[in-house]
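What follows is each chain in one-letter form.
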4 protein chains.
Amino acid sequence: NIAVKGSIGDRIFAPYTIFKGKAALSVAPMLPTFTKLESGSLVVDRRGSIMLTFMPAIGERKYDRERRQVFSLSATEVGSLISLGADESCEFFHDPSMLTSNAGQVRKSLSIKPHGNGSGYFIALSVVNNLLKSKDNLGVPVTTAEFAVMKTACSFALPHIMGWDRLTNKMPRGTEGQT
Amino acid sequence: NIAVKGSIGDRIFAPYTIFKGKAALSVAPMLPTFTKLESGSLVVDRRGSIMLTFMPAIGERKYDRERRQVFSLSATEVGSLISLGADESCEFFHDPSMLTSNAGQVRKSLSIKPHGNGSGYFIALSVVNNLLKSKDNLGVPVTTAEFAVMKTACSFALPHIMGWDRLTNKMPRGTEGQT
Amino acid sequence: NIAVKGSIGDRIFAPYTIFKGKAALSVAPMLPTFTKLESGSLVVDRRGSIMLTFMPAIGERKYDRERRQVFSLSATEVGSLISLGADESCEFFHDPSMLTSNAGQVRKSLSIKPHGNGSGYFIALSVVNNLLKSKDNLGVPVTTAEFAVMKTACSFALPHIMGWDRLTNKMPRGTEGQT
Amino acid sequence: NIAVKGSIGDRIFAPYTIFKGKAALSVAPMLPTFTKLESGSLVVDRRGSIMLTFMPAIGERKYDRERRQVFSLSATEVGSLISLGADESCEFFHDPSMLTSNAGQVRKSLSIKPHGNGSGYFIALSVVNNLLKSKDNLGVPVTTAEFAVMKTACSFALPHIMGWDRLTNKMPRGTEGQT
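Scoring rules and cut-offs
Position labels on residues start from 1 in each chain and follow its written sequence. Here every chain gets a letter starting at A, and every ligand a number starting at 1, in the order they are written. Since the coordinates come from a predicted model, pLDDT governs what is reported: local features require at least 70, and pairs of side-chain atoms require 80 or more to be given and counted, while whole-chain, interface and lining totals use all residues. Note: side-chain values were computed over all heavy atoms of the structure, leaving out hydrogens and water. For the purposes of this entry, the term helix denotes a DSSP run of H or I that reaches at least four residues, the term strand denotes a run of E that reaches at least two, and both are numbered from the N terminus. Only protein chains enter the area calculation, which uses a 1.4 Å probe; residues under 20% of their type maximum are buried, those over 50% are exposed, and those in between are partly exposed. By the convention used here, residues are in contact when the closest approach between their heavy atoms is within 4.5 Å. Here, Shrake-Rupley sampling with a 1.4 Å probe gives the accessible areas, and only protein chains in the shown set may cover a residue. Following DSSP output, two strands are said to pair if at least two bridges run between them. Angles here are taken between N-to-C directions and fall from 0 to 180 degrees, while the axes themselves are lines fitted to C-alpha atoms, restricted in helices to the stretch in contact. In what follows, roughly perpendicular refers to angles from 65 to 115 degrees, roughly parallel to angles under 35, roughly antiparallel to angles over 145, and oblique to any angle outside these ranges. Asp, Glu, Lys and Arg are counted as charged, while Ala, Val, Leu, Ile, Met, Phe, Trp, Tyr, Cys and Pro are counted as nonpolar; the rest, among them Gly, fall into the polar class. Think of it this way: a Phe, Tyr or Trp ring, Trp meaning its six-membered ring, pairs with another when their centres are within 6.5 Å, and the plane angle makes it stacked under 30 degrees, edge-to-face over 60, tilted otherwise. A pocket here means an open set of points on a 1 Å grid, computed over the protein atoms alone, that has protein on both sides within 12 Å along at least five of seven lines. A cavity is instead a set of points where a 1.4 Å probe fits but cannot get out; residues with an atom within 4 Å of a point line either one. Grid points are joined across faces, edges and corners, and a volume is the space filled by probe spheres set on the points. Salt bridge, as used here: a side-chain nitrogen of Lys or Arg that lies within 4 Å of a carboxyl oxygen of Asp or Glu. Contacts described as polar in this section are N or O atom pairs within 3.5 Å, which, within protein, must combine one atom able to donate a hydrogen with one able to accept it, while residues neighboring in sequence count only if both atoms come from side chains. For a helix, the expected span equals 1.5 Å multiplied by the number of residues minus one. Here the bend at a residue means the angle between the axes of two seven-residue stretches, the one that ends at it and the one that starts at it.

## Notes on the overall build of chain A
- Counting its regular elements, chain A contains three helices and 12 strands.
- The buried share among the 179 residues of chain A stands at 47%.
- Partitioning the intrachain contacts of chain A with sequence separation of at least 6 by distance along the chain shows that 44% fall at a separation of at least 24.
- Accessible surface for chain A amounts to roughly 8,900 Å². Of this, 52% is attributable to carbon and sulfur atoms.

## Some words on the pairing of strand β6 (residues 49-59) of chain A
All names here are of chain A.
- Both strand β3 (residues 23-30) and β6 contribute to a ladder of eight bridges, which runs antiparallel. Paired with S26 across the bridge in β6 is T53.
- Looking at chain direction, β6 and strand β8 (residues 69-73) are connected through five bridges and run antiparallel. Paired with L52 across the two strands is F71, which belongs to β8.
- Of the strand pairs in this sheet, β6 and strand β7 (residues 62-63) are connected by two bridges, and their pairing is antiparallel. What sits directly across from A57, in β7, is Y63.
- Where β6 folds back on β7, the antiparallel hairpin that results is connected by two residues, among which R61 adopts a positive phi of roughly 55°.

## Re the environment of F92 of chain A
Residue and element names in this part refer to chain A.
- You can see F92 is positioned in strand β9 (residues 90-94).
- Assessed through its relative accessible area of 9%, F92 is described here as buried.
- Remark: the alpha-carbon pair of F92 and L110, spanning 18 residues in sequence, is separated by 5.2 Å.
- Discounting residues that sit within four places of it in the chain, F92 has contacts with F71, L73, E77, S80, K108, S109 and L110.

## Here's the deal with the packing of helix α3 (residues 144-162) of chain C against helix α3 (residues 144-162) of chain D
- Where α3 of chain C meets α3 of chain D, the axes come as close as 9 Å, and the angle between the chain directions of the two elements is 85°. Between α3 of chain C and α3 of chain D, the crossing angle belongs to the class labelled roughly perpendicular. Along its contact with α3 of chain C, which presents S155, L158, P159 and M162 of chain C, the element α3 of chain D presents V149, T152, A153 and F156 of chain D.
- Its residues placed into classes, the contact of α3 of chain C with α3 of chain D shows six nonpolar, two polar and no charged.

## Details of the packing of aromatic side chains
Residues and elements named next belong to chain D.
- Evaluation of the coordinates by the stated rule reveals eight aromatic pairs over all chains.
- Ring geometry for F19 against Y63: centres 5.5 Å apart, planes inclined by 40°, an arrangement best described as tilted. Linking F19 in strand β2 (residues 16-19) with Y63 in strand β7 (residues 62-63), this pair joins segments that are 44 residues apart in sequence.
- When its relative accessible area of 53% is taken as the criterion, F19 is described as exposed.
- Plain terms: the ring middles of Y121 and F147 are 4.2 Å apart, the flat faces sit at 35° to each other, and that makes the pair tilted. Of the two residues, Y121 is situated in strand β11 (residues 120-129) and F147 in helix α3; the sequence distance between them amounts to 26 residues. Each member of the pair, Y121 together with F147, is buried.

## Brief notes about the sheet that holds strand β5 (residues 42-46) of chain A
- An order of β4(A)-β5(A)-β1(B) is seen for the three strands of this open sheet, with the pairing classed as mixed. The two strands at the open ends of the sheet, each matched to only one other strand, are β4 (33-36) of chain A together with β1 (12-13) of chain B.
- Where β4 of chain A meets β5 of chain A, four bridges bridge the pair, whose relative direction is antiparallel. If you follow F34 of chain A over to β5 of chain A, its bridge partner there is V44 of chain A.

## With respect to the layout of surface pockets
- If you add up the space inside the second largest pocket, you get close to 950 Å³.
- At the level of elements, β6 (49-59), β8 (69-73), α2 (75-82) and β9 (90-94) of chain C together with β2 of chain D are the ones that each hand at least two residues to the lining of the second largest pocket.
- At four residues, β2 of chain D tops the list of elements feeding residues into the lining of the second largest pocket.
- Taken together, the residues that form the lining of the second largest pocket break down as 13 nonpolar, seven polar and eight charged.

## Overview of the sheet that holds strand β11 (residues 120-129) of chain B
Residue and element names in this part refer to chain B.
- On the basis of which strands lie adjacent, the open sheet formed by four strands has the order β9-β10-β11-β12 and antiparallel pairing. Each having just a single partner strand, β9 (90-94) and β12 (134-143) make up the two edges of the open sheet. Neighbour-to-neighbour, the strand axes of this sheet turn through a mean angle of 10°, independent of strand direction.
- Taken strand by strand, helix α3 (residues 144-162) contacts β10 (106-114), β11 and β12, and its axis lies near 100° from that of β12.

## A short note on the pattern of salt bridges
Residues and elements named next belong to chain C.
- Taken as a whole and assessed by the stated rule, the structure comprises eight salt bridges over all chains.
- Residue D64 is joined to R67 by a salt bridge in which the shortest nitrogen-to-oxygen separation is 3.7 Å.
- Under the relative-accessibility criterion, R67 is labelled partly exposed at 47%.

## Details of unusual backbone geometry
- Residues other than glycine seldom take positive phi values, yet K133 of chain A does so here, at roughly 50°.
- Mapped onto the secondary structure, K133 of chain A falls in the loop between β11 (120-129) and β12 (134-143).
- Residue classification places K133 of chain A among the exposed positions, given a relative accessible area of 74%.
- Its identity as a non-glycine residue notwithstanding, L99 of chain C has a phi of 70°, on the positive side.

## Description of the side chain of K20 of chain B
Residues and elements named next belong to chain B.
- With respect to the secondary-structure elements, K20 resides in the loop between β2 (16-19) and β3 (23-30).
- Of the polar contacts made by the side chain of K20, one reaches the side chain of E146; its length is 2.9 Å.
- Ignoring sequence-local partners within four residues, the contact set of K20 consists of Y63, V140, P141, V142, T143 and E146.

## Here's the deal with α3 of chain B
Residue and element names in this part refer to chain B.
- Its 19 residues give α3 an end-to-end C-alpha distance of 26 Å, which sits within 8% of 27 Å, the value for a rise of 1.5 Å per residue.
- Of all the bends in α3, the greatest, near 30°, is centred on F156, and the proline P159 appears no more than four residues after it.
- In the stretch just after α3, G163 is the one whose phi turns positive, near 90°.

Set out below in structure tokens:
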């Protein structure tokens, strides 16, 4: 079954990108990884996530990919995003070096705050890196329509990053061996 | 077609687990089983469900799987959960020995109650077992974001536990025999 | 590829059934049929629907399948059902003999009306058959949770009965011939 | 695996069409195209869209396909449509010749405006073509139920036109080479 095998290692790039004056924000799902037990069962190894990538603008319609900053939303953080009311805000804090000797040296915070006039949100990422002595602030205004795309696409992706979509790939147990 | 056959019996473990101070709550879908009739048609044999598993804490970030208690939500109970308003509560009662000689000996009740301040729910399972002379109460506070994940994932899973996702695996009748 | 061919003709029965005192209501999706053009393209031939089947009770937990009455919801009628507000009602009229010489002889009407207290709906089917000189009225009270299952399952099924799920079965055009 | 290959190039036509007195409106998803990089990765080449097609009526239940006008909704415009409140309106402007020497010669605008009485929307397309010295106005009243179908079907289609549904076709990375 070479056709199927050949596509297994393929990666697909289909980010949803919002280009604005000072920065761009890309949203893309990252699938979980599974480990196969000797019994043949699959167990989720590393959870999937929704990856947010911010790139600063360096000219008209030009963005600096080298200076990008990323923030990876867990399933529960995606839950916050998709249940956010029109006037509500939320903020998440990550330490990418957590549980290592560099814990606390890099602090990332992502905030989603409503515009006063009910016309969308401002999504901002702040990264304070004590190791590099750097401080980055990147933010993008997101319209109601763009946020609706983010909500709908993230709601669609949520069961996938949790590994629940694997359900659909199984034959019903009652037909085992009958194919 | 060995590749496909080989994966038929595989099981996948991808629970969504909420770890809290006194207990942990795992949420996982259970697919229905089908029976194949002589005509070749598939009939749902046992309905699927959403399995809730509670485990008591026995130390920091440690939970006792041996003392777990489970509660299996039917499609209609999942309907209650996903339609629950912000200030509403619901409660379900199960007797795992229903229609046997032990009917009434084990009583399980699951309750979902909103925190007063609109910041989520408390999900609690009570199990009274007259046979073992035991009584267990396990509960987990669930944030709005965590409940949004449960709602979205359970809404996704609902057609699957009902067996309606089998629709997508069929070729349209109009192309029968033309492959 | 016999395994796949063998399953093409299979039908799957997975209705969602609500059993109540005077009648039972079954909800099940019916897929569209396609016609294959000479160009290889598929065109929807007959639209899919959501089939509602009412059966009168003839004893405790016993229902008379012989006296069942059916009502087939089109995509737009499904749109009415899934967008129905908590206090709203809707009614549909069908003539199964429309455009034949028996037009007007059989009149079916389905109504969905909210209980006064916000706790669900009453779904009723009336069939007046002048040919058989018969008149049937079958109705089922549906709880909020049961209606949530109907809404979620019908929302899931809607793109399938419209034939839009066929989208997912296609390879992207950019990779044609590269498998 | 000829069966699968044979279906790759097939196209499927399953528009949702609303027939009204003065015009008909067809809604259909257009999938994105992908480019395969040397690494084997797939990158979205051309974004998908939701294609709206308006046809003027030329008699009872007859519509003139020759005089049709189309408007292609981007992912973000679909986000506007699916997040539109009951009393809200939206309008989009397209120039099909943008970035060519004919820029500005053809101006298309699509508007979605609520009926005053909360019973649906009026969807209208205006096309001003300076090259052909033509001006077309086509509009269709859409009921709440029909708009619910459009919203549900477009929400379903959104991840597909973004290319995010490709997620489900991949094996988890942890099982690579183990099939």
